[in-house]
Amino acid sequence: MSGSVPTVTALDGVYTHQSLPEQEARWTKLLAKFQALYGRPAQFVSRSPGRVNIIGEHIDYSLYSVLPMGMTHDVIIAVSTDLAPSNDSTYKLKLANLDEERFPAREFDVPYGEVEIDATKHEWTNYFRSGLRGALQLLQKKYGADFKPKSMQVLMDGTVPAGGGLSSSAAFVSASALAVMIANGEKDVDKKDLTEVAIVSERAVGVNSGGMDQSASVFSKQGSALFVSFAPSLSARPVFFPKTNPELIFVVAQSFVTSNKQVTGPVRYNLRVVECSMAAAVLNALLCPGMDLPKDAGPLGVSLHGFHTNYFKDTQKSMNEQLAELVELTKTKLTKEDGYTVDEIASLVGVSVDDIKARFMSSFPVRGDHFKLRQRALHVFTEALRVLQFLTLLEDNSAHSMTGDTTEYNKKLGDLMNATQDSCRELYECSCPEIDELCAIAREAGGYGSRLTGAGWGGCSVHLVPADRADAVQQAMMDKYYSKRNLSQRELEAAIVVSRPMNGSAVCVLK
Ligand code: NG1
Ligand code: MG
């Protein structure tokens, strides 16, 4: 699927009156506040949603396909441009947020050229700046290095809970990059360009991330999940759920355990990226002697998928067979349960310790002395397989003509999600007791499948629930989990989200 970002030419376009009437008040408030703040009307609004990952966790940066969906919760950014640049060498950015208490307004005089981002500071405007930086790189590629961006006045509002695993960051970065492109006169923004800009931009905020969130935020289609592939290049297509009886819904529940990647990256997220890349290098050395790992679009330029492609260069085997074989190979070749030291990895790969450190441990901070290559690779290959099995269930022709009770079918979907949770907990070690507890509560109250969604170590969980048990599941979570925590009213209201799959990035040009 390719295509460009749709432009809606009036406020009463798709995102307000017609498909999301409940959001009209919010849009109206944003525009009124914009007028009050800047003394002029906004010219357009860009929008990008958060996402829930249905299945395919921690495999995007190993370049395996994933299945997220866009949400109704989103970031909307109202913009006006054409302010005179402050002087010859800078342009002005005025950034404000409807939630001014948590995200105070800022003004910047930004020098032309590369946009600087101080990733060591946890500052909300960094996400706008990283969208700006990516969009400008694209514009400079197109129009020449001395392209001069316009000054912008910006007011944003986000309903994706921050730091909660629903990818508020990708929504913010994609909506910002899109806003900058439109502000600078782009008429037709290509979705693939926008996604790639958002992926690279978000890495500028200090996380070595894969591309799932940004793809979901940009490409999603109302009413469907999105099958996103990263190799050989980025592609995405909608996948529709069959009609089931009982009907299925996704309940998304916060754990209120926060794992901030900026802080924990070196021992969690970024470390996993490094472990997967090291596993790729070791497996490749052991199983594909004489073949270099192909350079690819993973955060470290090599990935488990790259090794996979080397190993099965001329095979006729199906993807499912290949992945099943890789699981067995990993078990026999990467035997050390307690992890590998850098020395051991260097000797297996046949290079120096310095070389391993330079290749895998220098671009992003990581800390660790035992790298669990076996467990991480086993998770990645089994999870990649589960995504394909889930997809096959959804796209099976007979599933789209099911009649009568579909409980057995629903359970198969749920079992795959439960298996993901087991693998995340045992092999990838990215769950936490609170998420495990939420999963147990939901299953006990009648859910089919429960797991963490997003990076884990806290954040959000997603639950596949029959519609007629949705209230029971939510009630059980309230009684057994949320009521036992000291949560504010605001937190309680945001604790559980039942979201419909919603469209990705769009621009609304105001008359
Ligand atoms: P979260 O932490 O939910 O934004 C992260 C990565 C994804 C993916 C998942 C794990 C970022 C921006 N996103 O999601 O690319 O790797 O973890 O599947 O870091
Ligand atoms: Mg994020």
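Above this text is the structure in question.
Student: Could you give me a rundown of the overall build of the chain, with the residues and numbers involved?
Tutor: Per the secondary structure count, the chain includes 17 helices and 13 strands. Taken against the 2.2 N^0.38 rule, which gives 24 Å for 511 residues, the C-alpha radius of gyration of the chain at 23 Å falls within 12% of a compact globule. Along the longest, intermediate and shortest principal axes, the C-alpha atoms of the chain span 65 × 60 × 45 Å. The buried share of the chain, taken over its 511 residues, is 58%. Taking contacts inside the chain between residues at least 6 apart in sequence as the whole, the part at least 24 apart equals 74%. For the chain, the computed accessible surface area is about 20,500 Å², with 51% contributed by carbon and sulfur atoms. The positive charge centre, built from 52 side chains, and the negative charge centre, built from 59, are 2 Å apart in the chain.

Student: Could you give an account of the sheet that holds strand 11 (residues 460-466), naming the residues involved and the relevant values?
Tutor: Taken together, four strands build an open sheet; the order of strands is 10-11-9-12 and the sheet is antiparallel. In the strand order of this sheet, the two ends are held by strand 10 (449-453) and strand 12 (496-498), each with one partner. Each neighbouring strand pair of the sheet contributes to a mean axis angle of 25°, computed without reference to strand direction. Judged from the three bridges that link them, strand 9 (residues 248-254) and strand 12 form a sheet pairing that is antiparallel. Opposite Ala253, over in strand 12, you have Ile496 as the bridge partner. Sitting on the sheet, helix 15 (residues 433-444) touches strand 9, strand 10 and strand 11, and the angle it makes with strand 11 is about 10°.

Student: Just give me the short version of the side chain of Ser229, but keep the residues and values in it.
Tutor: Structurally, Ser229 can be placed in strand 7 (residues 225-229). For Ser229, a relative accessible area of 11% corresponds to the buried category. Engagement of the side chain of Ser229 in a polar contact is seen with the side chain of Ser65, the distance being 2.9 Å. When sequence neighbours within four positions are dropped, the list of residues in contact with Ser229 reads Ser65, Leu234 and Ser235.

Student: I'd like a rundown of empty space enclosed by the protein, residues and numbers included.
Tutor: In total, this model carries one cavity of 30 Å³ or more according to the counting rule given. The calculated volume of the largest cavity comes to roughly 40 Å³. Considering the residues around the largest cavity, the lining is formed by Ala119, Lys121, His122, Glu123, Asn126, Tyr127, Val205 and Gln262. Taken together, the residues of the lining of the largest cavity break down into three nonpolar, three polar and two charged.

Student: Before we move on, could you go through the packing of helix 10 (residues 319-333) against helix 13 (residues 373-395) and cite the residues and values that matter?
Tutor: The contact between helix 10 and helix 13 brings their axes to 9 Å, and the two run at 160°. Of the possible angle classes, the one that applies to helix 10 and helix 13 is roughly antiparallel. The way helix 10 lies across helix 13 gives a crossing that is left-handed. For the pair helix 10 and helix 13, the contacting residues are Met319, Asn320, Leu323, Ala324, Leu326, Val327, Thr330 and Lys331 in the first and Arg374, Ala377, Leu378, Phe381, Thr382, Ala384, Leu385, Leu388 and Gln389 in the second. Partitioning the contact of helix 10 with helix 13 into residue classes produces 11 nonpolar, four polar and two charged.

Student: For helix 16 (residues 470-480), give the residues involved together with the corresponding values.
Tutor: Considered for burial, the residues of helix 16 that qualify are Ala470, Val473, Ala476 and Met477. Projected onto a plane normal to the axis of helix 16, the buried residues spread over an arc of 130° and lie on a single side. Looking at the packing, one finds that the buried side of helix 16 touches strand 9, helix 15, strand 11 and strand 12.

Student: Tell me what's going on with the environment of Lys317, and back it up with residues and numbers.
Tutor: Residue position: Lys317 is located in the loop between helix 9 (304-311) and helix 10. The exposure class assigned to Lys317 is partly exposed, which follows from its relative accessible area of 38%. Between the C-alpha atoms of Lys317 and Glu426, which are 109 residues apart in sequence, the distance is 29 Å. Residues within four places of Lys317 in sequence aside, it is in contact with Phe312, Gln322 and Glu325.

Student: Account for the pattern of salt bridges, with residues named and values stated.
Tutor: Under the criterion given, the structure shown has 29 salt bridges. The salt bridge involving Lys33 is made with Glu100; its shortest N-O contact spans 3.3 Å. Highlighted residues: Lys33 in helix 2 (residues 24-38) and Glu100 in the loop between strand 4 (90-97) and strand 5 (106-111), separated in sequence by 67 residues. Residue class for Lys33 comes out partly exposed when judged on its relative accessible area of 25%. Where Lys121 meets Asp118, a salt bridge forms, and the shortest distance between an N and an O atom there is 3.3 Å. Linked through salt bridges whose partners overlap, the residues forming this network are Arg272, Glu275, Lys372, Arg376 and Glu429.

Thresholds, definitions, all that
Residues numbered from 1 in each chain as written. Chains lettered and ligands numbered in written order. Predicted model: local features only at pLDDT ≥ 70, side-chain atom pairs only at ≥ 80, totals over all residues. Heavy atoms only, no water. Helix = DSSP H or I, 4+ residues; strand = E, 2+ residues; numbered from the N terminus. Rg over C-alpha atoms; globule rule 2.2 N^0.38 Å. Buried < 20%, exposed > 50% of the residue type's maximum accessible area, 1.4 Å probe, protein only. Contact = heavy atoms within 4.5 Å. Areas by Shrake-Rupley, 256 points an atom, 1.4 Å probe, with all protein chains shown as cover. Lys, Arg positive; Asp, Glu negative; His and termini not counted. Charge placed at Lys NZ, Arg CZ, Asp CG, Glu CD. Pairing = 2+ DSSP bridges. Axes fitted to C-alpha atoms, helices over the stretch in contact; angles between N-to-C directions. Polar contact = N/O pair within 3.5 Å; in protein donor to acceptor, adjacent residues only side chain to side chain. 1 Å grid on protein atoms, 1.4 Å probe; cavity = no way out; pocket = protein on both sides within 12 Å on 5 of 7 lines; lining within 4 Å. Points joined across faces, edges and corners; volume = space filled by probe spheres on them. Nonpolar A, V, L, I, M, F, W, Y, C, P; charged D, E, K, R; others polar. Parallel < 35°, antiparallel > 145°, perpendicular 65-115°, else oblique. Left-handed = near helix turned anticlockwise from the far one by under 90°. Arc of directions from axis to C-beta. Salt bridge = Lys/Arg side-chain N within 4 Å of Asp/Glu carboxyl O.

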